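# Descriptive analysis of the structure
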Amino acid sequence: MTKTVHEILQQIDHRPWPLPTGPWVMTQQWCDLLFAHWPIPVEVMRTLVPAQLPLDTWDGMAWIGVVPFRMQGVRPRLTPALPWLSAFPELNVRTYVKLYDRDQEKAGVYFFSLEAANPVAVIVARTFFKLPYFRAAMALREDHAGIHYTSRRTHRHAPPAEFVGNYWPVAEPYRAQPHTIDRWLTERYALYTLDRRGRPYIGEIHHIPWPLQPAAAALQTNTMTLASGLALPATAPLLHFAHHLDVAIWPLRPVEERGAS
């Protein structure tokens, strides 16, 4: 069930740090989402993530996530959602980092790539959020066998990347408990990126706790991480599904380092 921003801002006990100051600028709904995660040796991940961003690890390993889903209800504050602009498939490749910002350690996400079927969204995200978005030909449909998802990067001069697979939930929704890998991978309320001079920026978000479900998947093609120079290990991924999540987003800003005046 869709929630208003006012409703989700009333639920904050699960957050690891207080809500951002200032007004949120955008709201989105993330739907039919798959988290597919693989462990990666720290020494391998360290060569791929900018040195300004310290890695966040679980049991001595870094993790890579391939996350296909669909957007809906994407709109700036005080603006209605437009059906032809506000709903589209998206697919992210991400890992996990943590920085001190405003005297608080904040665990967040670093994106290697973000595919979107909406060219306007790609331009806006590249311009205002400094994120590596790419145009892609994408399709998502649902039937009795689950979600069928395809994505093929079409962005000019970008490395090729493709995803073809089916995925589906296999149990009822649950809330990940503290100090579990499920929660560590998913409950993250910041993204990090760099400007052209290499200065870290943070973008904060808020949502209610993830309504996770254990999942299964049949991945026919997945070259998403290869486009960023990372080969996946020959192990089965850790899989989670989420049907729907409402999200509020704050503007990107420079990280304010610990002790800075």
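No experiment lies behind these values; they were computed from the predicted model shown. (Residues numbered from 1 in each chain as written. Predicted model: local features only at pLDDT ≥ 70, side-chain atom pairs only at ≥ 80, totals over all residues. Heavy atoms only, no water.)

### A word on helix 3 (residues 119–128)
Every buried residue of helix 3 is listed here: Ala121, Val122 and Ala125. Relative to the axis of helix 3, the buried residues are bounded by an arc of 105 degrees and lie together on one face. Among the exposed residues of helix 3, those oriented more than 90 degrees off its buried face are Ile123 and Phe128. Where helix 3 is buried, its residues touch strand 3 (88–101), strand 4 (104–116) and strand 5 (133–143). Of the residues flanking the start of helix 3, the one acting as N-cap is asparagine 118, its side-chain oxygen 2.9 Å from the backbone nitrogen of valine 120. Phi for lysine 130, located one or two positions after helix 3, is positive at around 55 degrees. (Buried < 20%, exposed > 50% of the residue type's maximum accessible area, 1.4 Å probe, protein only. Helix = DSSP H or I, 4+ residues; strand = E, 2+ residues; numbered from the N terminus. Arc of directions from axis to C-beta. Contact = heavy atoms within 4.5 Å. Polar contact = N/O pair within 3.5 Å; in protein donor to acceptor, adjacent residues only side chain to side chain.)

### Some thoughts on the pairing of strand 9 (residues 200–206)
Within strand 9, 7 of the 7 residues are buried, leaving the element largely enclosed by the surrounding structure. In strand 9, alternate side chains face the same way, and those of Pro200, Ile202, Glu204 and His206 on one face and Tyr201, Gly203 and Ile205 on the other are all buried. Two strands pair when backbone bridges link them, and strand 8 (residues 190–194) and strand 9 are joined in this way by 5 bridges, in the antiparallel orientation. Directly across from threonine 193, in strand 9, lies its bridge partner tyrosine 201. Here strand 8 hands over to strand 9 after 5 residues, with glycine 198 in that stretch at a positive phi of 85 degrees. One ladder, built from 2 bridges, connects strand 9 with strand 12 (residues 253–254); its direction is antiparallel. For tyrosine 201, the partnering residue across the bridge sits in strand 12 and is proline 254. Where strand 9 and strand 11 (residues 238–249) come together, 2 bridges link them in antiparallel fashion. Across the sheet, residue isoleucine 205 finds its bridge partner in strand 11, namely isoleucine 249. (Pairing = 2+ DSSP bridges.)

### Some words on the layout of surface pockets
Within this model, the largest pocket holds a volume of roughly 740 Å³. Residue lining of the largest pocket: 42 residues in total, with Met26, Gln28, Met71, Tyr133 and Ile249 positioned closest to the centre. Counting residues per element, the ones that place at least two in the lining of the largest pocket are strand 1 (26–41), strand 2 (61–76), strand 3, strand 4, helix 3, strand 8 and strand 9. No other element matches strand 2, which puts 6 residues into the lining of the largest pocket. In this structure, the second largest pocket is lined by 17 residues; those nearest its centre are Pro16, Ala107, Trp184, Glu187 and Arg188. Broken down by secondary-structure element, the contributors of at least two residues to the lining of the second largest pocket are strand 4 and helix 4 (181–186). No other element matches strand 4, which puts 3 residues into the lining of the second largest pocket. (1 Å grid on protein atoms, 1.4 Å probe; cavity = no way out; pocket = protein on both sides within 12 Å on 5 of 7 lines; lining within 4 Å. Points joined across faces, edges and corners; volume = space filled by probe spheres on them.)

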